[in-house]
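So the chains spell out like this:
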Number of protein chains: 2
Amino acid sequence: MDYSKQFRVTPGSKVDLSQIDAGFKDQHESHAHALPEIEAYEQKLQELQYLMYAEGKRSLLICLQGRDAAGKDGTIKHVLGAMNPQGCTVSGFKVPTKTEAAHDFLWRYHRATPEKGQVAIFNRSHYEDVLVVRVHNLVPEDVWSKRYDHINHFEQLLHDTDTHILKFYLHIDGEEQLKRFKQRIDDPTRHWKISDGDYAERPLWNEYTQAFEAALSNCSTEHAPWFIIPSNHKWFRNLAISQIVAETLKTLNMQFPEPTVDINEIKQKYHQMAEESK
Amino acid sequence: MDYSKQFRVTPGSKVDLSQIDAGFKDQHESHAHALPEIEAYEQKLQELQYLMYAEGKRSLLICLQGRDAAGKDGTIKHVLGAMNPQGCTVSGFKVPTKTEAAHDFLWRYHRATPEKGQVAIFNRSHYEDVLVVRVHNLVPEDVWSKRYDHINHFEQLLHDTDTHILKFYLHIDGEEQLKRFKQRIDDPTRHWKISDGDYAERPLWNEYTQAFEAALSNCSTEHAPWFIIPSNHKWFRNLAISQIVAETLKTLNMQFPEPTVDINEIKQKYHQMAEESK
C-alpha cells in the first residue's frame with residue numbers, strides 16, 4: 001500500500017479526526033508479519049540518507065506531533081534512529097527560554113532547520129504555537145489565528161531552498177492513551193518520566209482535537225504535507241513512517257556528485273606513493 | 001581484555017607511535033569471531049545512554065582523531081550510531097568560518113559540548129589546532145605551543161561540570177592507509193569524496209606523527225584520557241571503542257531519578273480518568 005497517498009491530508013480539505021481509525025493496520029496481522037518490510041525500508045532509508053549527505057544539495061525536515069504518549073520518542077528511537085547521526089539532528093522544543101520568548105514564534109525553529117545534505121527531526125515543532133498555545137490561551141486568538149499563514153510562508157521559504165518537509169501526526173485514540181498511561185504507572189523504571197503535566201491535558205481532549213484539526217486542515221500543502229498516521233499499533237506507525245520517508249527521498253532522484261578531481265591524476269599520485277613506500 | 005587500561009595513554013608518559021602495532025587484534029581471529037562481543041557492548045551502550053539521558057546530571061564527550069582514512073566516519077556509523085540520536089550530537093570541524101576564526105581557538109568547540117544527559121561526538125576536535133595547524137605552520141610555534149595547556153584547562157573545566165571525556169586516536173600504519181586510498185580509487189561511488197587534499201598530507205607523515213605524539217603525550221590526563229586504538233582492523237577498532245565507552249559509562253553508577261510526583265496520586269488520577277472514559 002502507498003501510505004504517502006493514503007495518509008496524506010489533501011491540501012485544502014477539512015480534517016475530521018473522529019473519522020480516522022487510529023487502530024488501522026492494513027492487511028498486516030502483527031509486528032512479526034510487518035517486520036521484514038519495516039527492515040527493508042530502514043535499509044533504504046540509510047542508503048538514501050547517505051546519498052542526501054553525499055549530494056549535499058537538498059535537506060529533509062521531519063516534524064512529529066501528537067498527543068501525550070502518541071509515540072514521538074519511540075518513532076525517533078525505532079525508525080529515525082536508523083539514520084547515521086552524522087547527518088541527522090534531533091531538536092526537542094519545550095517551554096521557550098527567555099531568549100526564545102523574546103523573539104517571534106518561528107525564530108527558535110528556524111535556527112534548528114537542516115543544512116543542505118542533512119536531516120533534521122523536530123520532536124514537537126512550530127505547530128506547538130497553534131496547539132498548546134491555542135488550547136491554553138497563551139496568546140489571544142487574533143495572534144494565534146495569524147500563525148497558520150506564517151507557518152505556511154515559513155515552510156514555503158524552506159521548500160524553495162530545497163528543504164523537503166514531512167509532517168506526521170501520530171494518531172491515537174483515548175483508549176490507547178489510557179493504556180499507555182497505565183503502562184507507565186506500572187513500570188517503576190519509568191516513574192521518573194511522569195510529571196503532573198502528563199495527565200493535565202487529557203481533560204482538554206476535545207479542545208486539542210479541534211486545534212489539531214485546524215492545524216492539519218490549514219497547513220497541509222503540496223510542498224509541506226501533513227500525514228495522519230494511525231498509531232495505536234506502534235509497529236504499524238513505524239512501518240508507515242519508514243515507508244513514507246524512504247519513498248519521498250527516492251522521488252528526489254538524488255545523485256552522487258561528480259568527482260571534483262581528475263581521477264586519473266589521483267591514480268598516478270597513488271601509484272607514486274605506493275612506489276615510494278616500498 | 002580490559003581495553004580501557006590497555007590502550008590508555010598513561011598521564012605524563014611519552015608516546016612513541018612506532019612502538020604500537022596498528023594491526024593488533026588481541027585473541028580475536030576475525031570480525032565474525034568478535035561480532036557477538038561487539039553487539040553485546042552496543043546493547044550496553046544503548047542502555048547506558050538512556051540512563052544518562054534519564055538521569056540528566058552527567059554528559060559524555062567523545063573526540064575522534066586520526067590520519068586520513070583512519071576510520072573516523074566509520075566509527076561514528078558503526079559504533080556510535082547505535083545510540084539514540086535524540087541524546088546524541090555529532091559535530092565535524094572543518095576549516096574555521098570567518099566568525100569562528102575571529103575568536104580564540106576553543107570557542108567553536110566549546111559551543112558544541114554536550115548538555116547534561118547528552119553525548120557529543122567530535123569528528124576531529126580542538127586537537128586539530130595542534131595537529132594540522134602545527135604541521136602547516138598556520139600559526140607561529142609560540143602560539144600553538146601554549147595550546148596544550150589551554151586544552152588541558154578547557155577539558156578540566158568540562159570535567160568539573162560532570163562532562164566525561166574520552167579521546168580516541170585511531171592508529172593505522174602507512175600500508176593500511178595506502179590500501180584504503182586504493183579502495184576509494186577503485187570504487188566509483190566513492191570518487192565524489194576524493195579531493196586533492198586527501199593525498200597532500202601523506203608526504204608529511206612524519207611531521208604528523210610528531211604532532212600526534214606531542215598531543216597524546218601532553219594531553220592525556222586522569223580526567224580526559226587519550227586511548228590509542230589499533231585500527232588497521234576496522235572490526236577490532238569497533239570492538240575496542242564500544243567496550244571502552246560502555247565500561248566507562250558503567251563506572252559512573254548512574255541512577256534513574258526519583259519520581260518528581262507522588263505516584264499514588266497519579267494512580268488515583270489515572271483511575272478517575274479511566275472511570276470517566278467508560
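What counts and how
- Residues numbered from 1 in each chain as written.
- Chains lettered and ligands numbered in written order.
- Predicted model: local features only at pLDDT ≥ 70, side-chain atom pairs only at ≥ 80, totals over all residues.
- Heavy atoms only, no water.
- Contact = heavy atoms within 4.5 Å.
- Buried area = accessible area lost by both parts, 1.4 Å probe.
- Salt bridge = Lys/Arg side-chain N within 4 Å of Asp/Glu carboxyl O.
- Polar contact = N/O pair within 3.5 Å; in protein donor to acceptor, adjacent residues only side chain to side chain.
- Helix = DSSP H or I, 4+ residues; strand = E, 2+ residues; numbered from the N terminus.
- Nonpolar A, V, L, I, M, F, W, Y, C, P; charged D, E, K, R; others polar.
- Least-squares fit on C-alpha atoms with pLDDT ≥ 70 in both.
- 1 Å grid on protein atoms, 1.4 Å probe; cavity = no way out; pocket = protein on both sides within 12 Å on 5 of 7 lines; lining within 4 Å.
- Points joined across faces, edges and corners; volume = space filled by probe spheres on them.
- Pairing = 2+ DSSP bridges.
- Axes fitted to C-alpha atoms, helices over the stretch in contact; angles between N-to-C directions.

### A word on the interface of chain B and chain A
- Contacts between the two partners involve 38 residues from chain B and, on the opposite side, 39 residues from chain A.
- For the pair chain B and chain A, the summed buried surface comes to about 3900 Å²; carbon and sulfur atoms form 69% of the total.
- When the buried surface of chain B facing chain A is broken down by residue, B:Q86, B:W192 and B:Y270 rank first, second and third, together holding 19% of it.
- Connecting chain B to chain A are zero salt bridges.
- Our count for the chain B to chain A interface comes out at six residue pairs in polar contact (both at pLDDT 80 or more).
- Secondary structure elements with two or more residues in the side of chain B that touches chain A: helix 2 (31-55), helix 3 (72-78), helix 9 (174-186) and helix 13 (263-276) of chain B.
- Looking at the side of chain B that touches chain A residue by residue, the class counts come to 20 nonpolar, nine polar and nine charged.

### Examining the relation of the copies chain B and chain A
- Once chain B is rotated about the relating axis by 180° and shifted along it by 0.0 Å, it coincides with chain A to within an RMSD of 0.0 Å. Seen this way, the second copy is the image of the first under a two-fold rotation axis. Minimal C-alpha separation from the rotation axis in chain B is found for B:P85, amounting to 3.0 Å.
- A share of 100% of the interface residues of chain B reappears at the interface of chain A, consistent with the copies meeting face to face through the same patch.

### Looking at the layout of surface pockets
Residue and element names in this part refer to chain A.
- Roughly 300 Å³ of internal volume is contained in the second largest pocket.
- Contributing to the lining of the second largest pocket are 14 residues, with L166, P225, F227, T248 and T251 lying nearest its centre.
- Of all elements in the fold, only strand 4 (163-171) and helix 12 (234-251) reach the threshold of two or more residues within the lining of the second largest pocket.
- Grouping the amino acids of the lining of the second largest pocket by side-chain chemistry returns four nonpolar, six polar and four charged.

### A word on the sheet that holds strand 3 (residues 119-123) of chain A
Residues and elements named next belong to chain A.
- The five strands lie next to each other as 2-3-1-4-5, forming an open sheet whose pairing is parallel. One side of each edge strand has no neighbouring strand; the edge strands of this open sheet are strand 2 (88-92) and strand 5 (226-230). Strand-to-strand twist in this sheet, taken as the mean axis angle between neighbours without regard to direction, amounts to 20°.
- In terms of strand pairing, strand 1 (residues 59-66) meets strand 3 through five bridges, oriented parallel. When the sheet's bridge partners are listed, I62 is paired in strand 3 with I121.
- Against the sheet, helix 12 touches strand 1, strand 4 and strand 5, its axis set at about 165° to strand 4.

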